[in-house]
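# Fold and geometry: a report
Next come the chains, spelled out residue by residue.
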Amino acid sequence: MPTSVADLVLRAAAVHTMAGAAPATALAVRDGRVLRAGTDAQLRELIGPGTKVLDLGGRAVLPGINDAHLHGTWLGALWPDTLFAEDDGGPGPGPEKPLRTAAERRAAILRAGEILAALGITSYTEPGLGPGEDDGHLGAFGMSVVEQYRQLAAEGLLRARVTALWLYGELDGPSTLKNFRAGLATVDRRGPDPRRLNFRGVKIFADGIPPMRSAYTRHCYADGSHAHLLVGGADDPEREENFTRMVRTAHEAGLQVGVHATGDRAIELMLDAVERAREERDVDLGHYVIHGDLVNPAQLKRMARLGVGLSAQAGIAVRTASVVDAALGPGSSDTAWPLREALDAGIPLCLTSDAPVLPPDWRREIAAADQWMGPAEDVRERMETLLRCYTVHPAQQDGAASWKGTLEPGMAADLCVLSADPFAVTPAELPDVEVDLTVLDGQIVYERSPRTIA
Ligand SMILES: [Zn+2]
């Protein structure tokens, strides 16, 4: 007799554990964790009178999707609007729906949970919440949002696992070393359950973006202008020194650092800072570059060596390449967003939506990444690689690779059930595959209607 009976068994499926094993046809779950993957026959012994059994009719099961850079509260406020309208060339001023009360913020987070559950997303990183945004006009990033997240986590109402980064300046704006240090001194990482809500690190805005000519780069802008770091200081050397101190101070405090850096000069500074920080205290805290538009091949090698990850948005590359060429000169976008080279260098690349900049649809982001990377020799291998950027790699970025991101025994039972096997379609066709069911911690949190699963 088996020692344990499953709570939930999914069978007649294509189960992709993302752990290198051959695809299974069935998956058993108990107490919010994966019990075992295997054939329908092998898992029959785990079915007891109380087991919920779903026959998936050939549907596919993946680990729950993890969007490593997604502004949940802002998304919940804005949806169905996003900053990029359908198929336009660049982000306009964008729609604005400011959140004014605690109740509105709570509703926005809950709305984000609904939107994401319907996409099979079971984890996301809320990249930048903190006191610097308490007076922010969008109302989606201040301490009141932190309080709402804590409250919803305590009530068990978060429909996805959330990793949060503290922000001690303004979103997409200036910060000072003084406020950063003051923020770190008061950092409060308590939460009811770090598997559901984890304040893991800090976000630093190093620079802006190439289309706005605000990326900190050694390249020349076509109009002769040059950009500055967003970190405060009297001149470039002082701003660079203050930025470096921020990274080193956070590292010393044991916090992960996510740096918004699009320019190669900003990325170089971050890598210098991480290198020095690790000389002083050699621990891998999973620091990472956010966006990384103009990262160069030498920097990719350094990132791999220093354990620095990359969270990038292929959808932004596809949509803004021509604007980048206009800002930095023709052909500049050819070497920007080197996603293929990043993967070749061994960097745990995370593909993300940056929603509500882009819609939070990971299927479209995978299609965009495939388009950006160019023709693949082996389409299945390409799909595997891109799916890892939404499962295995972001779990690593979350410092959670030991318990989520694959469907090996003992891992969190966070699942995304698709209407068709993603390995039977091309990345370009993936957006047409439906998300039929989403499971978080062994519980069904979304089921597409009308009910189609027996
Ligand atoms: Zn963002």
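Residues numbered from 1 in each chain as written. Predicted model: local features only at pLDDT ≥ 70, side-chain atom pairs only at ≥ 80, totals over all residues. Heavy atoms only, no water.

## Side note on the state of the cysteines
Defined as follows: Cysteine sulfur atoms are paired as a disulfide whenever they come within 2.5 Å of each other. Only protein chains enter the accessibility calculation, which uses a 1.4 Å probe; a residue whose area is less than 20% of its type maximum is buried, one above 50% is exposed, and one in between is partly exposed.
Under the criterion given, the structure shown has zero disulfides. Lacking any disulfide linkage, cysteine 350 is separated from the closest cysteine sulfur, that of cysteine 389, by 7.3 Å. With no disulfide of its own, cysteine 416 lies 16 Å from the sulfur of cysteine 389, the closest cysteine sulfur. We classify cysteine 416 as buried; its relative accessible area is 0%.

## With respect to the domain arrangement of the chain
Threshold: Domain extents, as shown, originate in an automatic or database domain assignment. We call two residues contacting when some pair of their heavy atoms lies within 4.5 Å. Buried area: the accessible surface (1.4 Å probe) lost by two parts on joining, summed over both. By salt bridge we mean one thing: a side-chain nitrogen of Lys or Arg within 4 Å of a carboxyl oxygen of Asp or Glu.
Domain parsing of the chain yields domain 1 (8–61 + 417–452) and domain 2 (65–373). Contacts between domain 1 and domain 2 engage 15 residues on the former and 17 residues on the latter. For the pairing of domain 1 and domain 2, the buried interface totals around 1400 Å² over both sides, and the portion due to carbon and sulfur atoms is 64%. Summed over the shared surface of domain 1 and domain 2, the result is two salt bridges. Aspartate 441 is the partner of arginine 161 in a salt bridge, and the nearest nitrogen-oxygen pair spans 3.2 Å.

## Some details on the coordination of the zinc ion
How we decide: Metal-coordinating donors are taken as N, O and S atoms lying within 2.8 Å of the metal, or within 3.2 Å when the metal is Na, K or Ca; because water is left out, some sites can appear incomplete. Only DSSP runs of H or I with at least four residues qualify as helices, and only runs of E with at least two residues qualify as strands; both kinds are numbered from the N terminus onward.
Those protein atoms acting as donors to the zinc ion are His69 (NE2), His71 (NE2) and Asp354 (OD), and they sit at 2.1 to 2.2 Å. Between consecutive donors of the zinc ion, the numbers of intervening residues give the motif H-x1-H-x282-D. Of this pair, histidine 71 sits in the loop between strand 7 (65–67) and helix 2 (72–78) while aspartate 354 sits in the loop between strand 14 (350–351) and helix 11 (362–373), and the two are 283 residues apart along the sequence. Under the relative-accessibility criterion, aspartate 354 is labelled buried at 7%.

## What about the packing of helix 6 (residues 236–252) against helix 7 (residues 264–280)?
Note the following rule: Every angle, taken between N-to-C directions, lies between 0 and 180 degrees, and every axis is a line fitted to C-alpha atoms, over only the stretch in contact when it is a helix. To sort the angles, those under 35 degrees are grouped as roughly parallel, those over 145 as roughly antiparallel, those from 65 to 115 as roughly perpendicular, and the leftovers as oblique. Here a crossing is taken to be left-handed if its near helix is turned anticlockwise relative to the far helix by less than a right angle, and right-handed if that turn runs clockwise. Throughout, the ten residues Ala, Val, Leu, Ile, Met, Phe, Trp, Tyr, Cys and Pro are labelled nonpolar, Asp, Glu, Lys and Arg are labelled charged, and all others, Gly among them, are labelled polar.
Here helix 6 crosses helix 7 at 45 degrees, and the two axes come no closer than 9 Å. Classed by the angle they form, the pair helix 6 and helix 7 counts as oblique. Note on packing geometry: the crossing formed by helix 6 with helix 7 is right-handed. In this structure, helix 6 uses Asp236, Glu240, Phe243, Thr244, Val247, Arg248, His251 and Glu252 to contact helix 7, whose residues at the interface are Arg265, Leu269, Met270, Ala273, Val274, Arg276, Ala277, Arg278 and Glu280. Of the residues assigned to the contact of helix 6 with helix 7, the class counts are seven nonpolar, two polar and eight charged.

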